[in-house]
Amino acid sequence: MGEAALKKKGGLMRKRNFYIPRSAPPAREIEVMKLGGLRQDEKVLLLSLQGLVNRREPSLYAVDELGGGDPEFRWLEYLTTKGYRYRIVDDPYKLLDEYRWAMKGGVIYDPALTGSFYAAATLAGLEDAVLLSPELAKRLSLRILEDFHGRWKWDADAMEWAIQNLWPRTSRDVLYFYLYGIDPPEKGFSPTVPALDYLIAFRAFFLFAKASVFGKPPFVGLREREKEIVEKVLSEYPPNRLVLGTCIEGFNEHLSIYYASYYGNFTTYVYHHNLSFHSGYRPEGEFRHRPIEFRDLEDKVYLCFAFSDGDNLYAVERRGTQWADPKRGLVPLAWSQTPAALDLMPDAMEYFYSTATPNDYNIAGCSGIGYVDPEFYGRYYGEKRGEIFDEYLRITGVYMEKMDMREIWPLKDDLQIDRRHAQVIPNLNGIFSDYLTAESYENSIQQVEGVPVFRPLVDPWARGDDIAGEGFKDPNYIIGEIRAKTPKVRPAFMFIGLNNWTIMPSQVVDMIEALGSEYVVVRPDEFIHLYLESK
């Protein structure tokens, strides 16, 4: 079945000059919409307009607040250092008149039904329409292209209609997939989709389904109608393409990744606006790490600290907060980043690389260009799954090369998977494997195809003595774990995963001072160099 599906799609290795859709270069004059204080349906209206306008030339930008506390404002301020200028729109509703050329009308969604909103968003992208709640439709004198209010009783009804009528016309380069992990109420929800502007700009399909229990493919945990909905879309979506998702309330992160991976596609989680603008930015020059001179090998305990969760764009926003830490740069740190940010947020990546110190070093996050489960990747395609996974690794290698990344942090502890990484990704220097703590120092380091594989001796989600613990938040817990797992052998090499959401660089500096001179912290490239020298 899988091989036949590939033939139907025109073969496995279609030549492509891009893997992630990017907007045209942005206008130098930016109009900024302030969304803070607006109702949710008003935000949705303006973000859908943004997608239509930015489809031609990105010029609309959205912020929640005017100030450094809003990550989107932070990137806007960075753009001013590159010659961009912006003005704050005093009345966002005036934009409906200014950009009337970009829209043909509006689509009304049902505020009581999630599936209705997703069908409306898909149609809006296809028909150059803005999204309207029934209340806004009454207030605004816009032509109504379609009214979904009260049309369907269940989410699955709306999705089945969208698949039959809209799916054949939508993009095969980006898909939005939101899998609700528990049973939400059928009535009452807050219509929201991160990256709504980008998805409308590129005419993406919005896929929604509900999983009643946790499970793994093929379709454990999905009821029959949801199974057919998900299977129809994901089986017809070409392999090794972008899936956007989000971890907003109720979302089942792991089950969603399993399903996307099962059909051979990589996921990037998003939480914010303006990808239709960011993706059009063209960086100046190449992304390269600051060179350093490696030290001589000594009988020390060498530590490599790496921040987790570099599989999503919210981590990029979090990096901005960590980057402002006054102690950032005092000690070597590895920052796991999603290579997809090269196309989706190249302005942010330029900022990080251009302002990095010699102690800041980027590695590819979990697990490559997108968040995937390597164990299930491409399993739908049967005997062709190996080719599909290899293609995924080759794409990852292309992006890693552009970002001067030589190390990767895959999700699973599997030597066969690690071996494929080493065989397919060019110039791979090392693998930091899995998010679970190695059982002992002795099995924390191995080699495949001459490439060292390090497993964390403290993982980024280490909980402590019980499953409800939160040791990953506590620097003292991390210090204790490092000391407890330090071997007697010298030199020793310990990979330490740090939780991206709870640990700041200043805390790492304090941890290193508390550990004492027996421990030496180094960058990933130096860590691997010293390890190989020790052999």
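To start, this report covers the structure provided alongside it. Remember, it's a predicted structure, so these values are computed and weren't measured experimentally.

## Some words on unusual backbone geometry
- Cis geometry is found at the peptide bond from Cys366 to Ser367, where omega equals 0°.
- Take Ser367: it is sitting in the loop between strand E13 (360–364) and helix H15 (385–402).
- A cis amide bond links Arg490 with the next residue in sequence, Pro491, at an omega value of -5°.
- Structurally, Pro491 can be placed in the loop between helix H17 (475–485) and strand E18 (492–498).

## Some remarks on a negative patch on the surface
- Taken together, the side chains of Glu293, Asp296, Glu298, Asp299 and Glu533 make up a negatively charged region of the molecular surface.
- Of note, Asp296 is situated in the loop between helix H11 (275–278) and strand E11 (301–307).

## Brief notes about helix H10 (residues 253–262)
- Across the 10 residues of H10, 8 count as buried, placing the element largely inside the fold.
- What H10 keeps buried is the set Leu255, Ser256, Ile257, Tyr258, Tyr259, Ala260, Ser261 and Tyr262.
- On its buried face, H10 sits against strand E7 (174–180), helix H9 (224–236) and strand E10 (266–269).
- Looking at the residues trailing H10, positive phi occurs at Gly264, about 75°.

## What about the packing of aromatic side chains?
- By the definition in use, this model includes 48 aromatic pairs.
- Centre to centre, the rings of Phe148 and Trp152 are 4.8 Å apart; their planes meet at 45°, and the pair counts as tilted. With respect to burial, Phe148 and Trp152 carry one shared label: buried.
- Among the aromatic residues, those joined into a ring-pair cluster are Tyr302, Trp409, Phe432, Tyr435, Phe454, Phe493, Phe495, Phe527 and Tyr531.
- The ring of Trp323 carries the charged tip of Arg328 above its face, separated from the ring centre by 4.0 Å.

## A word on the packing of helix H7 (residues 155–165) against H9
- Running from N to C, H7 and H9 point in directions that differ by 25°, and their axes come no closer than 10 Å. Taken as axis vectors, H7 and H9 run roughly parallel relative to one another. For the element pair H7 and H9, the recorded crossing hand is left-handed. For the pair H7 and H9, the contacting residues are Ala156, Asp157, Met159, Glu160 and Ile163 in the first and Arg225, Glu226, Ile229, Lys232 and Val233 in the second.

## A short note on the packing of H15 against helix H16 (residues 415–424)
- Between H15 and H16, the shortest axis-to-axis distance is 9 Å and the interhelical angle comes to 55°. Relative to H16, the element H15 lies oblique. Viewed along their axes, H15 and H16 form a crossing whose handedness is right-handed. Within the contact between the two elements, H15 uses Phe389, Asp390, Leu393 and Arg394 and H16 uses Ile417, Arg420, His421 and Val424.
- Class assignment of the residues belonging to the contact of H15 with H16 gives a composition of 4 nonpolar, 1 polar and 3 charged.

## A word on the pairing of E13
- Counting buried positions along E13 yields 5 of 5 residues, so the element is predominantly enclosed.
- Burial along E13 is two-sided: Asp360, Asn362 and Ala364 facing one way and Tyr361 and Ile363 facing the other are all buried.
- Relative to E13, strand E12 (residues 333–337) runs parallel, the two sharing 5 bridges. Note on E13: the bridge partner recorded for Ala334 is Tyr361.

Cut-offs applied
Residues numbered from 1 in each chain as written. Predicted model: local features only at pLDDT ≥ 70, side-chain atom pairs only at ≥ 80, totals over all residues. Heavy atoms only, no water. Helix = DSSP H or I, 4+ residues; strand = E, 2+ residues; numbered from the N terminus. Patch = residues over 30% accessible without salt bridge, like charges linked within 9 Å, V, L, I, M, F, W, Y side chains within 5 Å. Areas by Shrake-Rupley, 256 points an atom, 1.4 Å probe, with all protein chains shown as cover. Salt bridge = Lys/Arg side-chain N within 4 Å of Asp/Glu carboxyl O. Lys, Arg positive; Asp, Glu negative; His and termini not counted. Charge placed at Lys NZ, Arg CZ, Asp CG, Glu CD. Buried < 20%, exposed > 50% of the residue type's maximum accessible area, 1.4 Å probe, protein only. Contact = heavy atoms within 4.5 Å. Phe/Tyr/Trp six-rings, centres within 6.5 Å; stacked < 30°, edge-to-face > 60°. Lys NZ or Arg CZ within 6 Å of the ring centre and 35° of its normal. Axes fitted to C-alpha atoms, helices over the stretch in contact; angles between N-to-C directions. Parallel < 35°, antiparallel > 145°, perpendicular 65-115°, else oblique. Left-handed = near helix turned anticlockwise from the far one by under 90°. Nonpolar A, V, L, I, M, F, W, Y, C, P; charged D, E, K, R; others polar. Pairing = 2+ DSSP bridges.

Any functional reading would require information beyond the geometric quantities listed.
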